[in-house]
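# Descriptive analysis of the structure
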Amino acid sequence: MNRRNFTFLFCLIGVSMSSVAQTRNTRPLNIYVIDVEGGNATLFVSPQGESLLIDTGNAGAAAVRDAERIMAAAKDAKLQQIDHLITTHWHGDHFGGMAELAKRISIREFIDHGPNAQPGEAADTFLKDVYPQLYAKSKHTVAKPGDKIAVAGLDVRVVTSAGETIKDALPGAGKPNPYCALYKPGQNNAEDPQSVGTYITFGKFRTAHFGDLTMNKEFELMCPNNRLGTVDVLLGLHHGQSTSNSEVLVHALRPRVAIMNNGIRKGGEPVVMKTINTSPGLENLWQIHFSQLSGQEYTVPGMFIANTLDDQPAALPIEPMPLPQPGAAGVAPPPPHNGTAYWIKISAEQDGSFTVTNSRNAFSKKYGAEK
Ligand SMILES: [Zn+2]
Ligand SMILES: [Zn+2]
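Let us look at the structure shown here. (Residues numbered from 1 in each chain as written. Chains lettered and ligands numbered in written order. Predicted model: local features only at pLDDT ≥ 70, side-chain atom pairs only at ≥ 80, totals over all residues. Heavy atoms only, no water.)

## Quick notes on the overall build of the protein
Selection criterion: Comment: elements are numbered from the N terminus, with helices defined as DSSP H or I runs of at least four residues and strands as E runs of at least two. Atoms considered for the radius of gyration are the C-alpha atoms alone. The globule rule reads 2.2 Å times the number of residues to the power 0.38. The classification of residues rests on relative accessible area computed with a 1.4 Å probe and restricted to protein chains. Under 20% of the type maximum is buried, over 50% is exposed, and intermediate values are partly exposed. Note on definitions: a residue-residue contact is assigned when non-hydrogen atoms from the two residues lie within 4.5 Å. Under the convention used here, a 1.4 Å probe and the Shrake-Rupley method define accessible areas, while residue burial counts only the protein chains that appear. Neither His nor the chain ends contribute to the count of charged residues, in which Lys and Arg are positive and Asp and Glu negative. Where a charge sits is defined by one atom per residue type, namely NZ (Lys), CZ (Arg), CG (Asp) or CD (Glu).
Along the backbone of the protein there are nine helices and 20 strands. Relative to a compact globule of 371 residues, whose C-alpha radius of gyration would be 21 Å, the protein shows 21 Å and is just as compact. Projected onto the principal axes, the alpha-carbon positions of the protein cover approximately 90 × 45 × 45 Å. Looking at the 371 residues of the protein, the share that counts as buried comes to 51%. If you take every contact in the protein between residues at least 6 apart in sequence, the share linking residues at least 24 apart comes to 72%. As displayed, the protein has an accessible area near 16500 Å², and 56% of this comes from carbon and sulfur atoms. Charge separation in the protein, taken as the distance between the mean sites of 34 positive and 35 negative side-chain charges, equals 10 Å.

## Overview of the coordination of the zinc ion (ligand 1)
Counted only if it meets this: Water is not among the atoms examined, so metal sites may look incomplete; donors are the N, O and S atoms within 2.8 Å of the metal, or within 3.2 Å for Na, K and Ca. Angle rules define the geometry names used: all angles between 85 and 135 degrees makes four donors tetrahedral, while opposite donors over 155 degrees apart and all other angles between 65 and 115 make four donors square planar and six octahedral, leaving every other case irregular.
Taken together, the protein donors to the zinc ion (ligand 1) comprise Asp93 (OD), His94 (NE2), Asp212 (OD) and His239 (NE2), at separations of 2.0 to 2.2 Å. Coordination at the zinc ion (ligand 1) comes from four donor atoms whose angles at the metal span 83 to 153°, giving a geometry best classed as irregular. In terms of primary sequence, the donors binding the zinc ion (ligand 1) are separated according to D-H-x117-D-x26-H. A separation of 3.5 Å is found between the zinc ion (ligand 1) and the zinc ion (ligand 2), both of which receive a donor from aspartate 212. One end of the pair, aspartate 212, is in the loop between strand 13 (205–209) and helix 6 (215–222); the other, histidine 239, is in the loop between strand 14 (233–236) and helix 7 (247–253), with 27 residues separating them in the sequence. Overall, the relative accessible area of 3% leaves aspartate 212 in the buried class. Look at histidine 239 and you get buried, because its relative accessible area is 0%.

## Notes on unusual backbone geometry
Each neighbour pair has its own omega, and for cysteine 223 with proline 224 the value is -5°, a cis peptide bond. Note on placement: proline 224 falls in the loop between helix 6 and strand 14. Positive phi outside glycine occurs at histidine 239, with the angle close to 60°.

## So, the state of the cysteines
Our working rule: The disulfide criterion is simple: two cysteine sulfur atoms within 2.5 Å.
Applying the stated criterion across every chain yields a total of one disulfide. Disulfide pairing is shown between cysteine 180 and cysteine 223; the S-S distance is 2.0 Å. On the S-S bond that ties cysteine 180 to cysteine 223, the torsion sits near -105°, and the link is left-handed. Of this pair, cysteine 180 sits in the loop between strand 11 (164–165) and strand 12 (197–202) while cysteine 223 sits in the loop between helix 6 and strand 14; the two residues are 43 residues apart in sequence, bridging distant segments of the chain. With respect to class, cysteine 180 is no different from cysteine 223; both count as buried.

## Structural notes on the environment of arginine 108
Tracing the sequence through the fold places arginine 108 in the loop between strand 6 (106–107) and strand 7 (109–112). Between the C-alpha atoms of arginine 108 and aspartate 83, which are 25 residues apart in sequence, the distance is 4.9 Å. Arginine 108 has contacts with Gln81, Ile82, Asp83, Lys137, Ser138 and Lys139, leaving out every residue within four places of it along the chain.

Listed below in structure tokens is the structure:
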């Protein structure tokens, strides 16, 4: 081989090696927002294939359905195990599918905020009899604000847990929050404010999930100074319910995209839809479900909505349905959706760009990196 050919060959090897390195660096972070009918189950899969699941859907008769829906996403991501499971709080729409899921896939670490703050038969029995057996052969972690959850390729920071918030701002954050003046108190029960909230970064891409954190805690976390900074994607939004989602949090975080884990008749109320749709810098809100509480007046275009009903009505009424009072007489239960469920998938790149895809209709939108 003459010298020129040798140099050529050397260059070729160099090029192919650098493209291998590039492929490795450019694999995305994938996030599956799974339809669990107004509960929560959000699955993160890092480029290295390490997984973090936040919540396991609904309890009771829905537990098998929701565990299977989570498994469908895990299979799509080719996961052999769930490396970390955060249970944000002890409500049945967040821990309900855990025992069924654990029968189907091994879970290596169970993370929670500690004891149940809202006595109730289902959660108390689960915590006494079932949960200790699930984590007996794995790791059990009680999360504290400021903790990092070790997921290869990601920076996962606990920012709220057990009613406490981080005291110091995250790197680069900490400016005064102008929305604090709009604070209105909002509390509903004892467990939602206990939620484990996380702030997750992958290169320049930033996202956050706060479980069902209520407005009072949003204020404690975000005022007087914004300790988090901003996000590209805001996840969850407490199903789009009005006891959370204050301007204090949503507007200060300036999400480009919000993805709401609402149900057919849970969340998506007009007041929340107004807050999100007036959030500075918002490009799109995506919903995991059509919501009767939005009506056409307040909902987003259908291509941004992942799930319909088993028996679809001819049209969604324009007027939103008023939020039924708990236990009110004469209110029929929400129509069911036990058929095929669709996820919303986010694929995020290190440069901060990301693509959101609706698996029902394959509608996909790319959000470019910000300069
Ligand atoms: Zn909930
Ligand atoms: Zn809750």
